[in-house]
Amino acid sequence: MNGKDSIVFQNIDQISGLNQPFTMNQFVLGSFNGTKYSIGYFDNICIDNSEAPVRPRIIGLVPNGAGSYTDFIKSDEALQNFECINEVPSDDGDTFVLSNTPGEKDSYLVADLPPLYSSVKCIQVAANAWYEGEATAKAISLFIKMQGTETESFSPIMNLQKYPRGYTYIVSTSPDTNQPFSDAEINGIQIGVRAELEQ
């Protein structure tokens, strides 16, 4: 499966065959009775023990416009920068943006959230990236840029490999308020990438 999904466990408070209640705070993927199986790759697992009145959802938002920065070189002159990186699923490098200058940034507007949620748990920025040859910028950081205040929040620097790989940055509170994101903040946000020196 190339996409996203939510696994929800609800109203589970007793193990079959046992008479005592238990608290479930973890689950296992890729293993059964101590035997390991390779069943796939997961870019993010979130175990959330909060009481939710509605089923949680993962909503994928892709770039749909140019942001404040367009420092990166685009692979296709007929396209805008954001159009070179907004395909789902990834086209594995047929179109891309690139930079070999540490500090250069590219940012993008994203689509608004649909009106089908009651609160925002977090934002995850994701990128498919790699380096080629004897590059100067062999690392990236991902970031969000808030509308109005222009506040930027950056991920730690992440070293790249010579093959395409997924990188993520999770932000659980607004950098402006240190509180959960509001719908207005999400709908005005920019996401982006900055070229970095290898760490």
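Structure: see above.
Now for a description of the structure that goes with this document.

Conventions adopted
Residues numbered from 1 in each chain as written. Predicted model: local features only at pLDDT ≥ 70, side-chain atom pairs only at ≥ 80, totals over all residues. Heavy atoms only, no water. Helix = DSSP H or I, 4+ residues; strand = E, 2+ residues; numbered from the N terminus. Buried < 20%, exposed > 50% of the residue type's maximum accessible area, 1.4 Å probe, protein only. Areas by Shrake-Rupley, 256 points an atom, 1.4 Å probe, with all protein chains shown as cover. Salt bridge = Lys/Arg side-chain N within 4 Å of Asp/Glu carboxyl O.

Here's the deal with the overall build of the protein chain
And then number 1: For the protein chain, the helix and strand inventory stands at 1 helix and 12 strands.
And then number 2: By residue count, 27% of the 199 residues in the protein chain fall in the buried class.
And then number 3: As displayed, the protein chain offers around 13300 Å² of accessible surface, 49% of which is attributable to carbon and sulfur atoms.

Some words on the pattern of salt bridges
And then number 1: Taken as a whole, this structure holds 4 salt bridges when the rule is applied.
And then number 2: Here lysine 105 makes a salt bridge to glutamate 152, at a shortest N to O gap of 3.2 Å. In this pair, lysine 105 sits in strand 6 (residues 105-110) while glutamate 152 sits in strand 9 (residues 152-154), placing the two residues 47 residues apart along the sequence.
And then number 3: For glutamate 152, a relative accessible area of 23% translates into the label partly exposed.
And then number 4: Here glutamate 196 ties to arginine 194 by a salt bridge, and the two come within 2.6 Å at their closest N and O atoms.
And then number 5: Taking relative accessible area as the criterion, arginine 194 reaches 22% and is therefore assigned partly exposed.

Any functional reading would require information that these geometric values do not contain.
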